[in-house]
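# Structural overview
Each chain is listed here by its residues.
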Amino acid sequence: MFVVMTVGASEAEILGVKSQILAEGLTPFDHVGAGGTTIAVVGEIGSRKPALLERFEGLPGVASVTPISRPFKLTSREFHPEDTVIRVLDAVIGDGSLTMMAGPCSVESREQLFETADAVKAAGATILRGGAFKPRTSPYAFQGLGIQGLRFLAEARERTGLPVITEVMEPSQVDIVAEYADILQIGTRNMQNYSLLRDVGRVARPVMLKRGYGATIEEWLMAAEYIVSSGNPNVILCERGIRTFETYTRNTFDLAAVPLLDRLTHLPVIVDPSHATGKRWLVKPLALGGIAVGADGVMVEVHPRPDEALSDAEQQLTLEQFRDMMDAIVPLHAYVRGVYAGTS
Ligand code: PEP
Ligand code: MN
């Protein structure tokens, strides 16, 4: 449930409500918005609901108490009506500007990363991606350069000024990845790895949570809820396709998720047409599709010589293809911004 405080509620009244919530063995989270303070009450409320509603309603400074039936609370629009805006170095995500995350599937060498980083930066990318720890379906496939890959990413950030995003696969890697990277990525295979979600919830770095390939939107938001309720409000959602009976594409790109999430949550949404399709020639049209339905940005894989790539060779764009895609996305994004202005 959400306890909505009156606009002029004092600090002491807010603390009073929070201590009552804590005394019930529940946890208060407050959000200060344009309309004053709202306190989300999270925890196992069960059959105490009617009694607690009545009691909290009678506390000083309380305007109203709203029961909330959605299982996700802190990530919901109801709790936090304004969009979450995330700032990392010079990049801003979720403020209506275009976020373009680009770079190789895997960091393969310093030269490969630098060549890609320079080219995507020149073409307008705002964030550099690159996998150092790679989740591969085959244990025999290239597993990534690990910590050496993280060092190359940090060097590429120094060189280009672009913040870097990379995947963290295990709780034991969280600290080291957070030391080198600006944004931590949770991959599709780990979306419901709850100990990993809790651990990235405790670090001072934004987290991009990719949708599990078999996850519903509600399960995805519940995964985001793990991170936010562990203390990290800076979560970005990334639609990267789900598995269906279709085999022409690697996954099925769920475009409807984008406007749906805009209604359900305040968190920014990025689309990844590279992993969604698995085919280079499908990346541009679906990136445009993601922007058309209102995504905050796009993540794509780019490689100087995709055919030589050590992972995801078929879906990585050439540097030229990335420039060509940017030429189409930038004006489309500007147009779409005008179309959606004032609607939500
Ligand atoms: C990636 O972006 O490097 C990746 C492995 O993606 P996903 O987890 O969506 O498959
Ligand atoms: Mn990949």
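Higher on the page you've got the structure.
Scope of this entry: the structure provided in the associated data block.

Quick notes on the rules
Residues numbered from 1 in each chain as written. Chains lettered and ligands numbered in written order. Predicted model: local features only at pLDDT ≥ 70, side-chain atom pairs only at ≥ 80, totals over all residues. Heavy atoms only, no water. Buried < 20%, exposed > 50% of the residue type's maximum accessible area, 1.4 Å probe, protein only. Helix = DSSP H or I, 4+ residues; strand = E, 2+ residues; numbered from the N terminus. Right-handed = clockwise from strand over helix to strand, strands pointing away. Pairing = 2+ DSSP bridges. Polar contact = N/O pair within 3.5 Å; in protein donor to acceptor, adjacent residues only side chain to side chain. Contact = heavy atoms within 4.5 Å. Axes fitted to C-alpha atoms, helices over the stretch in contact; angles between N-to-C directions. Parallel < 35°, antiparallel > 145°, perpendicular 65-115°, else oblique. Left-handed = near helix turned anticlockwise from the far one by under 90°. 1 Å grid on protein atoms, 1.4 Å probe; cavity = no way out; pocket = protein on both sides within 12 Å on 5 of 7 lines; lining within 4 Å. Points joined across faces, edges and corners; volume = space filled by probe spheres on them. Near = heavy atom within 4 Å. Areas by Shrake-Rupley, 256 points an atom, 1.4 Å probe, with all protein chains shown as cover. Nonpolar A, V, L, I, M, F, W, Y, C, P; charged D, E, K, R; others polar.

Before going further, it helps to spend a moment on the pairing of strand 10 (residues 183–186). On strand 10, burial covers both faces: Ile183 and Gln185 on one face and Leu184 and Ile186 on the other are all buried. Where the polypeptide runs from strand 9 (residues 164–167) across helix 5 (residues 174–180) and back to strand 10, its parallel neighbour, the crossover connection is right-handed. Note that strand 10 and strand 11 (residues 207–210) share three bridges and pair parallel. By the bridge assignment, Ile186 is partnered in strand 11 with Leu209. As a crossover connection, the stretch from strand 10 through helix 6 (residues 194–200) into strand 11 is right-handed.

Position of Ser76 relative to the elements: it lies in the loop between strand 4 (62–66) and strand 5 (86–88). Given the relative accessible area of 0%, Ser76 is considered buried. Among the polar contacts made by the side chain of Ser76, one reaches the main-chain carbonyl oxygen of Lys73 at a distance of 2.7 Å. A polar contact of 3.3 Å, which involves the side chain of Ser76, links it to the backbone nitrogen of Phe79.

Okay, the side chain of Arg157 next. Following the sequence through the fold, Arg157 ends up in helix 4 (residues 147–160). With relative accessibility at 16%, the residue Arg157 sits in the buried group. Apart from the residues within four sequence positions on either side, Arg157 is in contact with Leu89, Leu162, Val164, Tyr180, Ala181 and Asp182.

Another point: the packing of helix 10 (residues 280–292) against helix 11 (residues 319–340). In a packed pair of helices, the relevant descriptors are the angle between the two axes and the axis-to-axis distance. Their axes nearest at 8 Å, the elements helix 10 and helix 11 cross at an angle of 15°. One element, helix 10, and the other, helix 11, form an angle in the roughly parallel class. Crossing of helix 10 over helix 11 shows right-handed handedness. Contacts between helix 10 and helix 11 involve Arg280, Val283, Lys284, Ala287, Leu288, Ile291 and Ala292 from the first element and Gln321, Asp324, Met325, Ala328, Ile329, Leu332, His333, Val336 and Tyr340 from the second.

Time to look at the sheet that holds strand 10. The strand order around the closed barrel built from eight strands is 7-8-9-10-11-12-13-14, with neighbouring strands paired in parallel fashion. Mean inter-strand twist for the sheet, computed between neighbouring axes without regard to direction, equals 25°. Relative to strand 10, strand 9 runs parallel, the two sharing three bridges. Residue Glu167 lies in a different strand from strand 10, and its bridge partner there is Gln185. Relative to the sheet, helix 7 (residues 217–229) contacts strand 11 and strand 12 (235–239), its axis offset from that of strand 12 by approximately 160°.

We now examine the layout of surface pockets. Looking at the second largest pocket, its volume works out to about 390 Å³. Val42, Gly43, Pro71, Lys73 and Met222 are the residues nearest the centre of the second largest pocket, which is lined by 18 residues in total.

Around ligand 1, the structure places Arg129, Lys134, Pro135, Glu167, Gln185, Gly187, Thr188, Arg189, Lys210, Arg240 and His275. At a separation of 2.8 Å, an oxygen atom of ligand 1 approaches a polar backbone atom of Thr188. Note that an oxygen atom of ligand 1 is positioned 2.8 Å from one of the side-chain N or O atoms of Lys210. Contact with the protein chains removes 96% of the 290 Å² of surface that ligand 1 exposes when unbound. Taken together, the residues that form the shell around ligand 1 break down as one nonpolar, four polar and six charged.

From the geometry alone we can't say anything about function, so treat these as descriptive.
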